[in-house]
Amino acid sequence: MTLGETIRINLGAVWARARVRVVASWREKSWVVGETIFPFLAMSAFVLVYRGLKAPPIYEAFVVLGGAMIAYWNNVLWSMASQFFWEKEQGQLQLYLITPVSRMSILLGMALGGIAMTTSRAVVILAGGVLLFHVPLPLDRALPAFGLFLLTLGAVYSLGMILSSLFLLWGREAWYTATLFQRPIHLVSGFYFPVRALGSVAAGFAALLPITLGLDGIRQILYGEAAHGLLPLVWIPPIQVALLGIFVFLAQRALATMENLGKREGRLTLRGG
Amino acid sequence: MRRTWEVMRAAAWLGWQVEANWADPFLFAVYAIAKPLSTTLILFFMVRVVSQGHATAEAFLFLFIGNTFFLYVTEVLIGISWAVFRDREDYETLKYIYVAPLHLLPYLLGRGFTKMATATLGVAVALAFGGLVLRLPIGTPGTNWIELAGATLVGLVSVAWLGIILAGASLIVARHSINMNEGLSGLFYLLSGAVFSIDVLPRWVQPISLALPFTYWLELIRRILTGRPFAGPLRGVSDGGLWLILLGSTVALAGAAILWFLHCERVARARGLIDWKTNY
């Protein structure tokens, strides 16, 4: 196969895997409601809690932004990291493995499709927060915030690719591990309040997660000093770029290692494990 | 009746194996308690950071009790409906339920028992954490623990029937991601006043909140554990009144759940959805 053919076939795989998700997210009507209205109501609960606690209004903006970012983290956890587990359970994983494309192309397709699916939810949360709860969202700073958001998505989904390689071999522990990661990461990522409130040690560890840093940076861009930032804003984009590079490299290595291990141990086609 | 009980017992055993037999008991216990503990910690930090000294100890106790018992709603409600997706799409066993001499409804209720057990462990750990670490006054000298167990049980029956309603819907819709589950539990979190008094809700939403059994259930549990009323609109309702409303709404919910589930089951079979696969 020539280089041109290899590139073409891998781009085709990215497109095909992404398209399934994009088409599905609009074809299933119940998904449109389930992925937009319900999560918005869940976020609304926190805004009302904050009002009940007489929190400063800026915290309502924090929780709306956090609600939008939670959507992406949940997507990474449940539709990237553990996706190969679901595919294995359905007997579809081996079909990916016999195709002449890179596993990274399939994961990239999953990531792009997942981002497209999740963006509808994030947009509804943001729009609802602005229109119904009147949270401030300064549009004049939206462009740099969007730039950092894209960098953050790159790093977060690359982390999802690493996790998917680990989950490749697991059985039901994949489900529990995803559950285990969910709430604690909601806590330490500062989805509900600035992460600095956790104390410098806990916040320092939390900053190893790209979603923590990304959310911290986006809040700093939009709300300045009021965001109680963890790291100086100028540090965050280079760190995210570095994390993106490191995670993609590690994902590639981890995927190859885990696939070989899985083949040797005969666990790639094991269902109900 | 005996046959139904046997089905529920077998389904509960199966549910337990699916939930727990992949790990040793210690590791499984760690997994089971991580979620309730982190949820409690989120709440603790949220109140400390966000309220900036405005929240009183009583307000935190209100949040803590509601949030802790709401774990039952998230675990059992979501657990029952998720069993439909798992059996239909991953294990591909839902169709075999139909060729076996049993009904799907008691089978799913049995699967819910497993979630009740794991949720009970989580609630117990969260309450112990609240009492021992956060030094919250969980219970008073006059707390009737038998009444608390009874109220918890009735609330669980109510949650299980709501789970059946959701399971019915799951039979006729595509597999939803965890966002749907999160969203639905968030919806009930919002409406039942689990973490804030329902007076904070917009006026037009309050009647919806007052139509949910969970609203009365959480208020009753708070009263049993602290000896005083919390939710503004329910202050005028006596404890006996709360019990009556809770029992009445649970019976009504059970009737509605059975009718809805049977309807959804008929639709799923008519449309050939029993072995549908939708994991995109």
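Quick note: structure is the one above.
Residues numbered from 1 in each chain as written. Chains lettered and ligands numbered in written order. Predicted model: local features only at pLDDT ≥ 70, side-chain atom pairs only at ≥ 80, totals over all residues. Heavy atoms only, no water.

**Q** Looking at this model, I keep getting lost on the overall build of chain A. Mind explaining?
**A** Tallying secondary structure elements over chain A gives 11 helices and 0 strands in all. Starting at the N terminus, the α and β elements of chain A follow one another as α-α-α-α-α-α-α-α-α-α-α. Relative to the 2.2 N^0.38 estimate, which gives 19 Å for 273 residues, the radius of gyration of chain A is 19 Å and therefore close to what a compact globule would have. Seen along its three principal axes, the alpha-carbon backbone of chain A occupies a region of about 60 × 40 × 40 Å. Looking at the 273 residues of chain A, the share that counts as buried comes to 57%. Put simply, of all contacts in chain A between residues at least 6 apart along the chain, 78% involve residues at least 24 apart. When the 21 basic and 12 acidic side-chain charges of chain A are each reduced to a single mean position, those positions are 3 Å apart. (Helix = DSSP H or I, 4+ residues; strand = E, 2+ residues; numbered from the N terminus. Rg over C-alpha atoms; globule rule 2.2 N^0.38 Å. Buried < 20%, exposed > 50% of the residue type's maximum accessible area, 1.4 Å probe, protein only. Contact = heavy atoms within 4.5 Å. Lys, Arg positive; Asp, Glu negative; His and termini not counted. Charge placed at Lys NZ, Arg CZ, Asp CG, Glu CD.)

**Q** Please explain the overall build of chain B as it appears in this structure.
**A** Scanning chain B for helices and strands turns up 10 helices and 0 strands. The order of α-helices and β-strands along chain B, N terminus first, is α-α-α-α-α-α-α-α-α-α. For chain B, whose C-alpha radius of gyration is 19 Å, the value lies close to the compact-globule estimate of 19 Å for 280 residues. The principal-axis extents of the C-alpha atoms in chain B amount to approximately 60 × 40 × 40 Å. Expressed as a percentage of the 280 residues in chain B, the buried residues total 60%.

**Q** Any chance you could explain the environment of B:Phe70 here in plain terms?
**A** Residue and element names in this part refer to chain B. Mapping Phe 70 onto the fold places it in helix α3 (residues 57–90). Classification of Phe 70 by relative accessible area gives buried; the value is 3%. With 99 residues separating them along the chain, Phe 70 and Ala 169 place their C-alpha atoms 22 Å apart. Once residues within four sequence positions are removed from consideration, Phe 70 is found in contact with Ser 185, Phe 188, Tyr 189, Ser 192, Ala 194 and Leu 218.

**Q** Got a minute to help me understand the interface of chain A and chain B in this structure?
**A** Many authors give the size of an interface as the accessible area that is lost as the parts come together. Contacts between the two partners involve 53 residues from chain A, matched on the other side by 55 residues from chain B. Of the roughly 5000 Å² buried between chain A and chain B, counting both surfaces, carbon and sulfur atoms make up 66%. Across the contact surface, chain A and chain B share 0 residue pairs in polar contact (both at pLDDT 80 or more). Ranked by the residues each element gives to the side of chain A that touches chain B, the list is headed by helix α2 (residues 29–52) of chain A, at 15 residues. (Buried area = accessible area lost by both parts, 1.4 Å probe. Polar contact = N/O pair within 3.5 Å; in protein donor to acceptor, adjacent residues only side chain to side chain.)

**Q** Looking at this structure, I do not really get the side chain of A:Thr118. What am I missing?
**A** With respect to the helices and strands, the residue A:Thr118 is situated in helix α6 (residues 103–133). Those residues in contact with A:Thr118, other than ones at most four positions away along the chain, are A:Ala71, A:Tyr72, A:Asn75 and A:Tyr157.

**Q** Whenever I open this one, the packing of aromatic side chains confuses me. Can you help?
**A** Note on aromatic pairs: each is described by the distance of the centres and the angle between the planes. Scanning all chains against the criterion turns up 20 aromatic pairs over all chains. Centre to centre, the rings of B:Phe69 and B:Trp217 are 6.5 Å apart; their planes meet at 90°, and the pair counts as edge-to-face. With B:Phe69 in helix α3 and B:Trp217 in helix α9 (residues 213–226), this pair connects stretches of sequence that are 148 residues apart. When the ring of B:Trp82 is compared with that of B:Phe85, the centres are 5.7 Å apart and the planes differ by 75°; the resulting orientation is edge-to-face. Of this pair, B:Trp82 and B:Phe85 both sit in helix α3, 3 residues apart, which is roughly one turn of the helix. Note on B:Phe85: relative accessible area 3%, which makes it buried. Put simply, the rings of A:Phe193, B:Phe44, B:Phe45, B:Phe60 and B:Phe64 pair up and form one aromatic cluster. (Phe/Tyr/Trp six-rings, centres within 6.5 Å; stacked < 30°, edge-to-face > 60°.)

**Q** Would you take a moment to explain the nonpolar core for this structure?
**A** Side chains that are nonpolar tend, in soluble globular proteins, to be buried together. One finds A:Tyr192, A:Phe193, B:Phe69 and B:Leu108 to be the most contacted residues of the largest nonpolar core, which totals 184 residues. Considering every element that reaches this core, the biggest residue donor is α3(B), with 19 residues. Setting aside residues up to four positions removed in sequence, A:Tyr192 forms contacts with A:Phe46, A:Tyr50, A:Val63, A:Ile70, A:Arg183, A:His186, A:Arg219, B:Ile42, B:Met46 and B:Val50. (Core = buried A, V, L, I, M, F, W, Y, C linked by side-chain atoms within 4.5 Å.)

**Q** Help me out: how do you make sense of the pattern of salt bridges in this one?
**A** Residue and element names in this part refer to chain B. Enumeration according to the criterion identifies 12 salt bridges over all chains in this entry. We note a salt bridge from Lys 115 to Glu 75, for which the minimum N-O separation is 3.8 Å. Of this pair, Lys 115 sits in helix α5 (residues 104–132) while Glu 75 sits in helix α3, placing them 40 residues apart in sequence. Relative accessible area serves as the criterion here: at 19%, Glu 75 is assigned to the buried category. Between Asp 87 and Arg 111 there is a salt bridge whose closest N-O contact spans 3.0 Å. In this pair, Asp 87 sits in helix α3 while Arg 111 sits in helix α5, placing the two residues 24 residues apart along the sequence. (Salt bridge = Lys/Arg side-chain N within 4 Å of Asp/Glu carboxyl O.)

**Q** Where do I start with helix α10 (residues 239–270) of chain B in this structure?
**A** Between its first and last C-alpha, α10(B) extends 46 Å over 32 residues, near the 46 Å set by a 1.5 Å rise per residue. One or two steps after α10(B), the chain reaches B:Gly272, where phi turns positive at roughly 70°. (Expected span 1.5 Å × (residues − 1).)

**Q** Explain the layout of surface pockets here, please?
**A** Empty space among the atoms becomes apparent when a probe as large as a water molecule is rolled across them. All names here are of chain A. In this structure, the largest pocket encloses a volume near 500 Å³. Taken together, 23 residues line the largest pocket, and the ones lying closest to its centre are Leu 65, Leu 126, Ala 145, Phe 146 and Phe 149. Residue assignment for the lining of the largest pocket shows that the elements contributing at least two residues are α3 (57–81), α6, α7 (142–167) and α10 (210–223). Broken down by class, the residue content of the lining of the largest pocket amounts to 22 nonpolar, 1 polar and no charged. (1 Å grid on protein atoms, 1.4 Å probe; cavity = no way out; pocket = protein on both sides within 12 Å on 5 of 7 lines; lining within 4 Å. Points joined across faces, edges and corners; volume = space filled by probe spheres on them. Nonpolar A, V, L, I, M, F, W, Y, C, P; charged D, E, K, R; others polar.)

**Q** So what exactly am I meant to see when it comes to α10(A) here?
**A** One turn of an α-helix holds 3.6 residues; hence residues three or four places apart share an orientation. Residue and element names in this part refer to chain A. Counted at 1.5 Å a residue, the expected span for α10 with its 14 residues is 20 Å, and the 20 Å between its end C-alpha atoms agrees. Along α10, 14 of the 14 residues are buried, which leaves the element largely enclosed by surrounding structure. Positive phi appears at Gly 224, one or two residues downstream of α10, with a value of about 60°.

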